[in-house]
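Here is what each chain is made of, one letter per residue.
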Amino acid sequence: MFEPIIKIQSEDFDFAEHYSMIRALGGEAAGAIAGFVGLVRDYNAQAGDGGEVATLTLEHYPGMTESSIEAIVTEAQARWPLLATTVVHRVGRLQPTDQIVMVLAASAHRDAAFAAAEFIMDFLKTQAIFWKKEASDKGDRWIESTDADRQRAVGWSDDGGDRVSSQP
Amino acid sequence: MAKIVTIEVKFFASLRERIALGSLTSNAASMPELRQDLASQLSTQAYYVLCGDGVRVAINQVFTTDDWQQSEAAIPADAEVAFLPPVTGG
């Protein structure tokens, strides 16, 4: 079993650099690399107080956050024949449109790479130990997890690699 | 001489802000002892915040398997005990 790359950092990340790294790690057996990058949305539309969201601040629990991500990646490794994975997650203060998270998955074939990247993202949203706080001109507010995110995570069956329900 | 066991209790994110405290130390060697100690060290209001929905406790960075308010778990010497509000993911 390969050692997954897991990084929690406040500084921005360079997709190309990580892509080169996983391409090298995947080696000759890799026929597919799926990548996902999440950006900070302008939460304005859903901000409870109707204020304009200026920043998003992410807090984590050093050590335990990394373990929680490692558990998610280990689960993905058990479900799909992966050759390498990378998860980079930023913490601290971020602005709308900033890069916040990146997931890369390398496998021999695209189905496994796509599925694993999606699976890891879905569980990062619900199981990884992060807390988000949005600051708007009306004040600060801790964000609560959404039902939609929880539904996506429970949508993955326990006994196989397939998503058993899909979100609109 | 009896060994004095000290554990560090940490509070994260919204919990830390709502009780205006990042950490405290305790001599508790079990969850029941910790509940008793927190009830005496914290205000009733702050203790109530920790009893909120979905609050979980980790001992040495591993979640307790049961509800912290019912847990009988032992707490090892020099442990780090953390109170975590529901996570909001990446």
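Here, every reference points to the structure presented above.
Residues numbered from 1 in each chain as written. Chains lettered and ligands numbered in written order. Predicted model: local features only at pLDDT ≥ 70, side-chain atom pairs only at ≥ 80, totals over all residues. Heavy atoms only, no water.

Draft legend 1. Region of the structure containing the overall build of chain B. Across its full length, chain B carries three helices and five strands. Reading chain B from its N end, one meets helices and strands in the order β-α-β-α-α-β-β-β. Relative to the compact-globule value of 12 Å for 90 residues, chain B shows a C-alpha radius of gyration of 13 Å, a close match. With the principal axes as the frame, chain B shows a C-alpha extent of 45 × 25 × 20 Å. When burial is assessed residue by residue, chain B has 46% of its 90 residues classed as buried. If you take every contact in chain B between residues at least 6 apart in sequence, the share linking residues at least 24 apart comes to 53%. Total accessible area on chain B is roughly 4800 Å²; 50% of this is exposed by carbon and sulfur atoms. (Helix = DSSP H or I, 4+ residues; strand = E, 2+ residues; numbered from the N terminus. Rg over C-alpha atoms; globule rule 2.2 N^0.38 Å. Buried < 20%, exposed > 50% of the residue type's maximum accessible area, 1.4 Å probe, protein only. Contact = heavy atoms within 4.5 Å. Areas by Shrake-Rupley, 256 points an atom, 1.4 Å probe, with all protein chains shown as cover.)

Draft legend 2. Local environment of the packing of aromatic side chains. Taken as a whole and judged by the stated rule, the model has eight aromatic pairs over all chains. Arranged with centres 4.3 Å apart and planes meeting at 35°, the rings of A:Tyr61 and B:Phe12 form a pair that is tilted. Taken together, the residues span two chains, with A:Tyr61 in the loop between strand 3 (53–60) and helix 2 (64–79) and B:Phe12 in the loop between strand 1 (7–11) and helix 1 (13–19). No difference in accessibility class separates A:Tyr61 from B:Phe12, as the two residues are buried. An angle of 20° between the planes, with centres 5.5 Å apart, marks the rings of A:Trp131 and B:Phe12 as stacked. One end of the pair, A:Trp131, is in strand 7 (residues 130–136); the other, B:Phe12, is in the loop between strand 1 and helix 1, on a second chain. Here A:Trp131 falls in the buried class, since its relative accessible area comes to 2%. Aromatic rings pair up to connect B:Phe11, B:Tyr47, B:Trp68 and B:Phe83 into one cluster. If you follow B:Arg56 out to its NZ or CZ, it ends over the ring of B:Phe63, 3.8 Å from the centre. (Phe/Tyr/Trp six-rings, centres within 6.5 Å; stacked < 30°, edge-to-face > 60°. Lys NZ or Arg CZ within 6 Å of the ring centre and 35° of its normal.)

Draft legend 3. Layout of the environment of A:Asp140. All names here are of chain A. Relative to the helices and strands, Asp140 resides in strand 8 (residues 139–142). On the accessibility criterion, Asp140 (54% relative accessible area) is exposed. Residues Asp140 and Leu56 lie 84 residues apart in sequence; the distance between their C-alpha atoms is 9.5 Å. In contact with Asp140, other than residues within four places in its own chain, are Lys133, Glu134 and Ala135.

Draft legend 4. How the structure looks around the nonpolar core. Among the nonpolar cores identified, the biggest contains 36 residues, and A:Ile69, A:Trp80, A:Ile120 and A:Leu124 are the most heavily contacted of them. Taken together, the elements giving at least two residues each to this core come down to strand 1 (5–9), strand 2 (32–39), strand 3, helix 2, strand 4 (82–90), strand 6 (99–107) and helix 3 (110–126) of chain A. Here the element with the most residues in this core is helix 3 of chain A; it accounts for ten residues. Setting aside chain neighbours within four positions, we find A:Leu124 in contact with A:Ile69, A:Ile72, A:Val87, A:Val101, A:Val103, B:Gly89 and B:Gly90. Formed by 23 residues, the second largest nonpolar core is a distinct cluster that contains B:Ile19, B:Leu38, B:Leu42 and B:Val57. (Core = buried A, V, L, I, M, F, W, Y, C linked by side-chain atoms within 4.5 Å.)

Draft legend 5. Focus on the pattern of salt bridges. Enumeration according to the criterion identifies seven salt bridges over all chains in this entry. A salt bridge links A:Asp140 to A:Lys133; the nearest nitrogen and oxygen atoms lie 3.7 Å apart. A relative accessible area of 14% places A:Lys133 in the buried class. The partner of A:Lys133 in a salt bridge is B:Glu17, and the shortest N-O contact between them spans 2.6 Å. Separated into two different chains, A:Lys133 in strand 7 and B:Glu17 in helix 1 make up a pair that spans both. Classification of B:Glu17 by relative accessible area gives partly exposed; the value is 40%. Bridged by salt links that share partners, the residues A:Lys133, A:Asp140 and B:Glu17 form one connected network. (Salt bridge = Lys/Arg side-chain N within 4 Å of Asp/Glu carboxyl O.)

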